[in-house]
Amino acid sequence: MTETPSTPTAPVGATEILLALNTFGDAGVDADGSPKPHARVLRELLAEAELADAVGLHAFGVGEHHRRDFAVSAPEVFLAAAAARTRQIKLGSAVTVLSSDDPIRVFQRFSTVDALSNGRAEVMLGRGSFVESFPLFGLDLADYEVLFEEKLELFDKVRAQKPVHWEGRTRPNVSGMSVFPPLEHHLLPTWIGVGGTPESVLRCAQYGYPIIFAIIGGEPRRFAPLVNLYREAMGKYGHPMQQIATHSPGHVAPTDEEAREELFPHWLAQRNRIGAERGWGPASRGEFDAMCGPEGALYVGSPETVARKIVLLKRNLGVDRFDLKYSNGTLPHESMMRCIELFGTVVAPRVAEQLAGA
């Protein structure tokens, strides 16, 4: 649980926030409404990563899923391809479902991406909000908690890049073996993604990892007690402070009206499809508009509107980084490309100007 002095995830200043993008590789539709092949979604995703790099954004993350809605099931394979097509942007997962994977293999795959990208890899670990990977890989959902706890413990030992000694019940023990390839210049930047429970926050602080909060509903400022809990727990465990980030969906277009009208039908279809699986009631335009408001969890609007919301997030929570989930259901690739361009070339400088003048 020890970070190197040259940690890439040290907190930024009080008047600064890092802007990043993430996506699940949402599987869209063609002009005739037929499902777009996953292969084409992945190729378009590479173009989106290239653009994010070209406009100077901090990081680009892809989330692991194992269902028809999303094309990314092997984040590290995609990130290796993106490493060859980008130059500066950090490349990571958002998230890697550690519970249903092998921690040693996760480390090896990301250390390989780190080598190919010349030190730009990062991994976000989580339990995931979907559970398809458990039956797919022959795991019992009854072991949901212990799988994550044991595998996180093993991953942490592997990440230290020393001979590994570990015992548990969810996989065979490891007795003094080393794991290759190691990273060249630092430990692998490792985040833990949390949905908003104190237990998850404390677990992250126990390991001394940076934390990212998934804020997909409600008001971001209501996460302040959890942000404060993380800061306090990091001090209690004796760890140097790491970056705090939030992740929220959104969409940027030239005007507020255009952004909302462009996103709404895609947001509604995805929200109601997933909601039906989870027993939620149907969503409405009123709910959507409220979430797009100044205190809502959707970062939707013109560059000026989105910039103001990010500045408000910084002032309310003091976070170091904001990740925009720019893909939303069947939102077209062309709309996402324009969103990425506006986010990097217009939103980012406006956020910097407003924070510098605060």
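Peer 1: Where do I start with the pattern of salt bridges in this structure?
Peer 2: Side chains carrying opposite charge are able to pair once their charged atoms draw close together. Applying the stated rule across the entire model yields 28 salt bridges. Note that R203 is salt-bridged to E145, the shortest N-O span being 3.8 Å. Remark: E145 occurs in helix α5 (residues 144-159) and R203 occurs in helix α6 (residues 198-207); sequence separation between them is 58 residues. A salt bridge links R221 to E219, with the nearest nitrogen and oxygen atoms 2.8 Å apart. The partly exposed category is assigned to E219, whose relative accessible area is 22%. Via salt bridges that share partners, R67, D69, E132, R273 and E277 belong to a single interconnected network.

Peer 1: Looking at this model, I keep getting lost on the nonpolar core. Mind explaining?
Peer 2: Most often, soluble globular proteins keep nonpolar side chains buried together rather than apart. Grouped together as the largest cluster of nonpolar side chains are 89 residues, with contacts concentrated most on F60, F213, I310 and F343. For this core, the element with the highest residue contribution is helix α11 (residues 333-356), accounting for eight residues. Leaving out residues up to four positions away in the same chain, F213 has contacts with V194, V201, F223, L226, V227, I244, A245, T246 and H247. A94, M124, W191 and A245 belong to the second largest nonpolar core, which has six residues in total.

Peer 1: Looking at this structure, I do not really get the side chain of D26. What am I missing?
Peer 2: Turning to its location among the elements, D26 is positioned in the loop between β1 (18-23) and α1 (38-54). Overall, D26 belongs to the buried group, its relative accessible area being 6%. A polar contact of 2.6 Å, which involves the side chain of D26, links it to the side chain of S327. Excluding its chain neighbours within four sequence positions, the residues that come into contact with D26 are V41, D69, F70, Q270, K325, S327, N328 and G329.

Peer 1: Looking at this model, I keep getting lost on the environment of P135. Mind explaining?
Peer 2: Mapped onto the secondary structure, P135 falls in helix α4 (residues 133-136). Overall, P135 belongs to the exposed group, its relative accessible area being 60%. The spacing of P135 and S284 is 149 residues in sequence and 33 Å in space, taken between C-alpha atoms.

Peer 1: Got a minute to help me understand the pairing of strand β3 (residues 90-93) in this structure?
Peer 2: Successive side chains on a regular strand alternate, one facing one side of the sheet and the next facing the other. A two-sided burial pattern is seen for β3, the buried positions comprising K90 and G92 on one face and L91 and S93 on the other. Pairing of strand β2 (residues 59-62) with β3, which is carried by four bridges, proceeds in the parallel orientation. Directly across from V62, in β3, lies its bridge partner S93. As paired elements, β3 and strand β5 (residues 121-126) share two bridges and run parallel to each other. Bridged to G92 within β5 is E122.

Peer 1: Explanation requested: the packing of aromatic side chains in the structure shown.
Peer 2: In this description, an aromatic ring pair is defined by two values, namely the gap between the centres and the angle between the planes. A full pass over the atoms with the stated rule returns 11 aromatic pairs. Here F134 and Y144 contribute two aromatic rings whose centre-to-centre distance is 5.6 Å and whose plane-to-plane angle is 35°, an arrangement assigned as tilted. With F134 in helix α4 and Y144 in helix α5, the pair connects residues that are 10 residues apart, well separated along the chain. With a relative accessible area of 22%, Y144 lands in the partly exposed category. Ring geometry for Y299 versus F322: centroids 4.5 Å apart, planes at 40°, classification tilted. Placement of the pair is Y299 in strand β11 (residues 299-301) and F322 in strand β12 (residues 321-325), with a sequence separation of 23 residues. For the pair formed by Y299 and F322, the shared burial category is buried. Members of the aromatic cluster, each reached through a chain of ring pairs, are F24, F70 and F130. Across the ring face of F130, the terminal group of R278 is positioned such that the distance to the ring centre comes to 4.6 Å.

Peer 1: Help me understand the pairing of strand β8 (residues 190-194) in this model?
Peer 2: Burial of β8 is extensive: four of the five residues sit out of reach of the surface. Here three bridges tie β5 to β8, and the two strands are oriented parallel to one another. Paired with V123 across the bridge in β8 is T190. With three bridges connecting them, β8 and strand β9 (residues 211-214) associate as parallel partners. Directly across from G193, in β9, lies its bridge partner I212. This β-α-β element, β8 to α6 to β9, shows right-handed connectivity.

Thresholds, definitions, all that
Residues numbered from 1 in each chain as written. Predicted model: local features only at pLDDT ≥ 70, side-chain atom pairs only at ≥ 80, totals over all residues. Heavy atoms only, no water. Salt bridge = Lys/Arg side-chain N within 4 Å of Asp/Glu carboxyl O. Helix = DSSP H or I, 4+ residues; strand = E, 2+ residues; numbered from the N terminus. Buried < 20%, exposed > 50% of the residue type's maximum accessible area, 1.4 Å probe, protein only. Core = buried A, V, L, I, M, F, W, Y, C linked by side-chain atoms within 4.5 Å. Contact = heavy atoms within 4.5 Å. Polar contact = N/O pair within 3.5 Å; in protein donor to acceptor, adjacent residues only side chain to side chain. Pairing = 2+ DSSP bridges. Phe/Tyr/Trp six-rings, centres within 6.5 Å; stacked < 30°, edge-to-face > 60°. Lys NZ or Arg CZ within 6 Å of the ring centre and 35° of its normal. Right-handed = clockwise from strand over helix to strand, strands pointing away.

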